[in-house]
Amino acid sequence: SLQRKHSIATMGADGIGPEVVNAGVQVLKKLAKLDGTFELEFEEYDWSSETYKKTGKYIPDGGLDKLKKHDAILFGAVGAPGVPDHISLWGLRLAICQPFQQYANVRPTKIFRGTSSPLRNAGHGDLDWVIIRENSEGEYAGQGGRSHQGKPWEIATEVSIFSRHAVERIMRFAFESAQKRPRKLLTVVTKSNAQRNGMVLWDEVAQEVSKDFPDVNWDKMLVDAMTCRMVLDPKSLDTIVATNLHADILSDLAAALAGSIGIAPTSNLDPTRENPSMFEPIHGSAFDITGKGVANPVATFWTASEMLIWLGEEDAAKIMMDAVEAVTERGIRTKDLGGNSRTKEVTEAVCKELETVY
Ligand code: NAI
Ligand code: MG
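Please read these numbers as outputs of a predicted model, since none were measured by experiment.

Novice: What is the right way to look at the site of ligand 1 in this model?
Specialist: For ligand 1, the set of nearby residues contains 21 residues, the closest of which are G79, G262, H283, G284 and N296. Among the residues forming the shell around ligand 1, the class breakdown is nine nonpolar, seven polar and five charged.

Novice: Any chance you could explain the environment of V241 here in plain terms?
Specialist: Relative to the assigned elements, V241 resides in strand 10 (residues 239-242). Judged by local crowding, V241 falls into the buried class, with 27 C-beta atoms found within 10 Å. For the pair V241 and G12, spaced 229 residues apart in sequence, the C-alpha to C-alpha distance is 28 Å.

Novice: Mind showing me how you'd approach helix 11 (residues 343-357) here?
Specialist: Note on helix geometry: an α-helix contains 3.6 residues per turn, so any two residues three or four positions apart are oriented the same way. With 15 residues, helix 11 should reach 21 Å at 1.5 Å per residue; the first-to-last C-alpha distance of 22 Å fits that figure. Residues of helix 11 that are buried: T343, V346, T347, V350, E353 and L354. Down the axis of helix 11, the smallest arc covering the buried residues is 125°, so these residues share one side. Exposed positions of helix 11 whose direction lies more than 90 degrees from the buried face are E355 and T356. Considering only its buried residues, helix 11 is in contact with helix 1 (17-35), helix 9 (298-310) and helix 10 (314-329).

Novice: I would appreciate a short explanation of the environment of E280 in the present structure.
Specialist: Its location among the elements puts E280 in strand 12 (residues 277-281). On the neighbour-count criterion, E280 (27 C-beta atoms within 10 Å) is buried.

Novice: So what exactly am I meant to see when it comes to the sheet that holds strand 4 (residues 104-110) here?
Specialist: As a general point, the strands of a sheet are linked pairwise by backbone hydrogen bonds and lie either parallel or antiparallel. Ordered in space as 2-1-3-12-11-4-5-10-8-9, the 10 strands form an open sheet in which the pairing is mixed. Across the chains shown, the open sheet's two edge strands, defined by having one partner strand only, are strand 2 (38-44) and strand 9 (217-222). Strand-to-strand twist in this sheet, taken as the mean axis angle between neighbours without regard to direction, amounts to 25°. Against the sheet, helix 6 (residues 198-210) makes contact with strand 8 (185-190) and strand 9, and its axis sits at roughly 160° relative to strand 8, the strand it touches most.

Novice: Would you mind showing me how to read the nonpolar core here?
Specialist: In this structure, I73, V241 and M320 are the most contacted members of the largest nonpolar core, which totals 96 residues. No fewer than three residues from each of domain 1 (1-102 + 264-358) and domain 2 (128-257) sit in this core. Residue contacts for V241: discarding those within four places in its chain leaves I132, I170, M171, A174, L186, V188 and V189.

Novice: In this structure, what is going on with the confidence of the model for the protein? I would like to understand it.
Specialist: Reading predicted coordinates in detail is not appropriate for stretches of low pLDDT. Of the residues in the protein, 99% reach a pLDDT of 70 or more, and the chain-wide mean stands at 95. Taken over the whole predicted complex, pTM reads 0.94, whereas the ipTM for its chain interfaces reads 0.97.

Novice: Whenever I open this one, the environment of C97 confuses me. Can you help?
Specialist: By secondary structure assignment, the location of C97 is in helix 4 (residues 85-97). By C-beta crowding, C97 is classed as buried, having 24 other C-beta atoms within 10 Å. Along the primary structure C97 and Q149 are separated by 52 residues, whereas in three dimensions their C-alpha atoms are 30 Å apart.

Novice: Looking at this structure, I do not really get the pairing of strand 2. What am I missing?
Specialist: Residues in a regular strand project their side chains so that they alternate between the two faces of the sheet. Note: strand 1 (residues 4-13) against strand 2, seven bridges, orientation parallel. If you follow S7 over to strand 2, its bridge partner there is E41. Between the parallel pair strand 1 and strand 2, the chain is carried across by helix 1, and the sense of this crossover is right-handed.

Novice: Which parts of the structure should I look at to understand the UniProt feature "domain: Isopropylmalate dehydrogenase-like" (unreviewed entry) in the protein?
Specialist: UniProt's entry tags residues 7-350 with the feature "domain: Isopropylmalate dehydrogenase-like" (unreviewed entry), counted in the numbering of this structure. Regarding residues 7-350, the helix share stands at 39% and the strand share at 22%, and the terminal C-alpha atoms are separated by 23 Å.

Novice: Is there a simple way to explain the domain arrangement of the protein in this structure?
Specialist: Note on interface size: it is often stated as the accessible area lost on association of the parts. For the protein, the assigned domains read domain 1 (1-102 + 264-358) and domain 2 (128-257). Centre-to-centre, using C-alpha coordinates, domain 1 lies 26 Å away from domain 2. The interface of domain 1 with domain 2 comprises eight residues on the first partner and five residues on the second. When grouped by side-chain class, the residues that make up the side of domain 1 that touches domain 2 number four nonpolar, four polar and no charged.

The rules behind these values
- Residues numbered from 1 in each chain as written.
- Chains lettered and ligands numbered in written order.
- Predicted model: local features only at pLDDT ≥ 70, side-chain atom pairs only at ≥ 80, totals over all residues.
- Near = placed C-beta within 6 Å.
- Nonpolar A, V, L, I, M, F, W, Y, C, P; charged D, E, K, R; others polar.
- Helix = DSSP H or I, 4+ residues; strand = E, 2+ residues; numbered from the N terminus.
- Buried ≥ 20, exposed ≤ 12 C-beta atoms within 10 Å, placed from the backbone.
- Expected span 1.5 Å × (residues − 1).
- Arc of directions from axis to C-beta.
- Contact = placed C-beta atoms within 7 Å.
- Pairing = 2+ DSSP bridges.
- Axes fitted to C-alpha atoms, helices over the stretch in contact; angles between N-to-C directions.
- Core = buried A, V, L, I, M, F, W, Y, C linked by C-beta atoms within 7 Å.
- Domains from an automatic or database assignment.
- pLDDT = per-residue confidence, 0-100.
- Right-handed = clockwise from strand over helix to strand, strands pointing away.
- UniProt positions renumbered as here; feature names shortened; annotations may be inferred.

Okay, here's the thing in structure tokens:
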């Protein structure tokens, strides 16, 4: 008999977004059917840059109230030619993340079996990180303005916001995340030598919160030195917490070091569970390959697996990831991973693999 039912909003949005989200839904449907202990219900939302161009809005009136009724959101990517990136990002992605208080952005990275890292000495198991990004304020708080536009004396400000409330909740989330992993190791990324206000508060709060987690080993790194450590000594890192901007950059580096931006997932979590959390591949809408059927769906599969964990379906999530890794290991890979398979072939191979497991 069916016990658990989860309602998922899907939103492919722009570029390859719909292609990879459709692939993800196909695998999730197969998984739920084979597993039989839980049920997934999907509702598609067609909000995108196309809707924006037609109506002037990404999110229709009352849209967020509808979205709020779901247990989770599976998102593709937003960004399209003809719409400035700051309009699309703030119009759709941040317009969901911010009101839903998805303050913890979680980005795991590892080197899959059967894929290789550009780092000469790193193989499967040598790079296994979780980057936690503050997702509600910091450098992306949207504070600032422009005066004297277009004049030679024009000025623009981009003000970073660090509130004790938001820094404390992300530090607590980071220490808890580190505590749940076997190594219990946390690196707090900072830049308190140069940024002497917000980043000093950041460091102080990390120190205070650490007292509640005596079993977590933690250290502090300046963000510039952190890039060197990620490249030169990846095994020395496990869980990492950083500001909105710093973690944005470090997590792209992490994805590249793990082999491809086409495999990395992101969770935008509201840890209070008052609002649905949103799950998305880390990559963007990739216009250069849109419509060609070659987008790597693995990032979305991993994203879907993270979503299942959040919904309490840990066993199914693990089975799904094992199936994905078995497929990459067998060489069924898209071009970005050095293979020549198409999105559809990788997706079907994962579905087939699931049939052999169940
Ligand atoms: P991008 O991630 O879309 O593409 C960067 C490069 O990686 C491209 O060569 C692309 O072909 C490749 N790539 C990305 N995903 C892939 C996949 N699944 N399989 C194979 N190759 C893949 O980043 P870019 O070019 O900087 O941005 C394109 C648009 O996407 C922009 O409008 C940007 O604002 C938006 N964007 C949206 C994000 C989101 O919705 N969360 C995140 C990043 C970018
Ligand atoms: Mg980014």
